[in-house]
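Working through the structure, step by step
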Amino acid sequence: MISVDYSKAAGKVSDFVPSLQQAHTWLQEATGRGNDFVGWVNLPRDYDKAEFARIQAAARKIQSDSKALVVIGIGGSYLGAKGAIDFLCSPNYNLKKKNTPNIYFVGCGLSADYLQEVMDLIGDDDFSVNVISKSGTTTEPAVAFRFFRAALEKKYGKAEAAKRIYATTDKARGALKSLADAEGYDTYVVPDDVGGRYSVLTAVGLLPIAVAGVDIAQLMAGAAEMMETCRKADLSENPAWQYAAARNELYQSGKKIEILAAYEPAFRFMTEWWKQLYGESEGKENKGIFPASVEFTADLHSMGQYIQQGERHIFETVVRFGPSAADLKVPYDESDGDGLNFLAGKDMDYIATQAMDGTLLAHVEGGVPNMIVKVGEKNAYTLGEIIYFFEYACGLSGYLLGVNPFDQPGVEAYKKNMFALLGKPGYEEKGAELRAKLGR
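A brief look at the structure comes next.

Conventions and cut-offs
Residues numbered from 1 in each chain as written. Predicted model: local features only at pLDDT ≥ 70, side-chain atom pairs only at ≥ 80, totals over all residues. Heavy atoms only, no water. Helix = DSSP H or I, 4+ residues; strand = E, 2+ residues; numbered from the N terminus. Rg over C-alpha atoms; globule rule 2.2 N^0.38 Å. Buried < 20%, exposed > 50% of the residue type's maximum accessible area, 1.4 Å probe, protein only. Pairing = 2+ DSSP bridges. Expected span 1.5 Å × (residues − 1). Contact = heavy atoms within 4.5 Å. Polar contact = N/O pair within 3.5 Å; in protein donor to acceptor, adjacent residues only side chain to side chain. Core = buried A, V, L, I, M, F, W, Y, C linked by side-chain atoms within 4.5 Å. Axes fitted to C-alpha atoms, helices over the stretch in contact; angles between N-to-C directions.

Tallying secondary structure elements over the protein gives 17 helices and ten strands in all. Relative to its length of 440 residues, the protein is compact, with a C-alpha radius of gyration of 23 Å against a globular reference of 22 Å. Structurally, the protein occupies a C-alpha span of about 65 × 55 × 55 Å along its principal axes.

In structure tokens:
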């Protein structure tokens, strides 16, 4: 079970109870701003069980006929799955000896070198593709899909290639859905009422996570347990209420940047998922806490100086995990050339705990408020809890801030400029205007 210690971060969170109650009601009853996109609130209980079984079956098929799975998506269509696989299977997942396929994430950028490298890494291996896009027209994944669809069809022929393409898209409309229906791809649904950054517990994240060998039933069970906890309209019993209130109190006191930290390298990409979740949900109307992340203790040797003595506009949230699966004790060295025999016989978890506590005290004394999110061991159940906890707290926090946590109007600005500069039909006049501004 997740708990939040905000004793070294904020003190007046009880002042937020009336606002929390309102935000909680908006989420539970789907009556707040953006209420068309709160399907994730009850998802761990109400998800489509038949589709879930199809996801598990598809994962087994991919595991049996492919040495690689190419996951094509951007933003919420890949960050959660990548973070979950790194956390539960290893950031070195593709390098490990295993009975599951390598998983490559593409369509999350526009680098020709990166696309070519993935194609070279797959080589002659059998592979499948999971293309994830609600519309099928988002530039980055759509371009990548063209390359890998062509590669599949060249290798297997059009009919057999279609059996290796799994499309996660809108249930009824859009370019990808139309193509999938025409070509006979296996399809999975991006729910209409779940936005991309909240979609990791849908087919968007579940299929690639399952292919990696993760028990997605346990992932959903952990999320369901946290869902029940987050239903409690009580500050003392609801950790999401505590986290949302504490971070908003800190924001009102002038702390504009939140650093999410963990002393576990495997959690690094989950912090990337968290950054999109909070940045895209809160950063609007000239408001919002800027989400940043660090990996301790490594970043104590790079960012530690700024955190300790830089401008006092930041606060930290540290995710602490239960005991490690590996029981490693520091060896004794007779020469003691490094002077570390005082650590001989002590396990790495003990040493890491002292580093956490020492850092916490140093940062708090340096004027950096700290929250601790305590979670369980590294497993699928715990990760399900973590995902739902951060999602629910994000919805609450956005409402406390006074914004719609479920839209992202600012994202469209760069897309329109990109389309205009690329010469997309209908954007000719804007393209000429932008090229003039760029001096072209």
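So much for the structure itself; the text now carries on.
Before going further, it helps to spend a moment on the pairing of strand β2 (residues 68–72). Of all five residues making up β2, five are buried, and the element is well covered by its neighbours. Along β2, one buried face is formed by Ala 68, Val 70 and Ile 72 and the opposite face, lined by Leu 69 and Val 71, is buried too. Sheet topology places β2 next to strand β3 (residues 102–106); five bridges connect them, and they run parallel. Across the sheet, the residue bridging to Leu 69 is Ile 103, located in β3. The sheet contact formed by β2 and strand β4 (residues 127–132) spans five bridges and is parallel. Bridge pairing in β4 links Ile 72 to Val 131.

Quick look at helix α3 (residues 49–65) now. Here α3 is 17 residues long and its end C-alpha atoms lie 25 Å apart, about the 24 Å a rise of 1.5 Å per residue gives. Check the buried side of α3 and you find it contacts β2, β4, β5 (165–169), β6 (186–189), α9 (203–211) and α10 (216–230). The backbone nitrogen of Ala 50 lies 3.0 Å from a side-chain oxygen of the residue at the head of α3, namely Asp 48.

Moving on, we come to the nonpolar core. Within the largest apolar cluster, 97 residues are counted, with the highest numbers of intra-cluster contacts made by Trp 40 and Phe 390. Filtering out sequence-adjacent residues up to four positions away, Trp 40 remains in contact with Leu 27, Asp 193, Val 194, Tyr 198, Tyr 388, Glu 391, Tyr 392 and Phe 406. In this structure, Val 70, Val 118, Phe 127 and Val 129 belong to the second largest nonpolar core, which totals 23 residues.

At the junction of Phe 296 and Thr 297, the peptide bond is cis and its omega measures out at 5° in the coordinates. Looking at where Thr 297 falls in the secondary structure, it is placed in the loop between β8 (290–295) and α13 (304–309). If you check the backbone angles, Asn 286 has positive phi at about 60° while not being a glycine. By relative accessible area, Asn 286 is classed as exposed at 84%. Although it is not a glycine, Asp 336 sits at a positive phi angle of roughly 50°. Locating Asp 336 in the fold gives a position in the loop between β9 (314–320) and α14 (348–365).

Further remarks concern the sheet that holds β9. Note: strands within a sheet are paired through backbone hydrogen bonds, in either parallel or antiparallel orientation. Strand order in the open sheet formed by five strands is β1-β10-β9-β7-β8, and the pairing between neighbours is mixed. Among the strands making up the open sheet, the edge pair consists of β1 (3–8) and β8. This sheet shows a mean twist of 20° between the axes of neighbouring strands, independent of strand direction. Bridge analysis of β1 against strand β10 (residues 370–374) gives four bridges, and the strand direction is antiparallel. The partner of Lys 8 across the bridge, within β10, is Asn 370. Contacts from helix α12 (residues 268–282) reach β7 (257–262) and β8, with the element oriented near 175° to β8.

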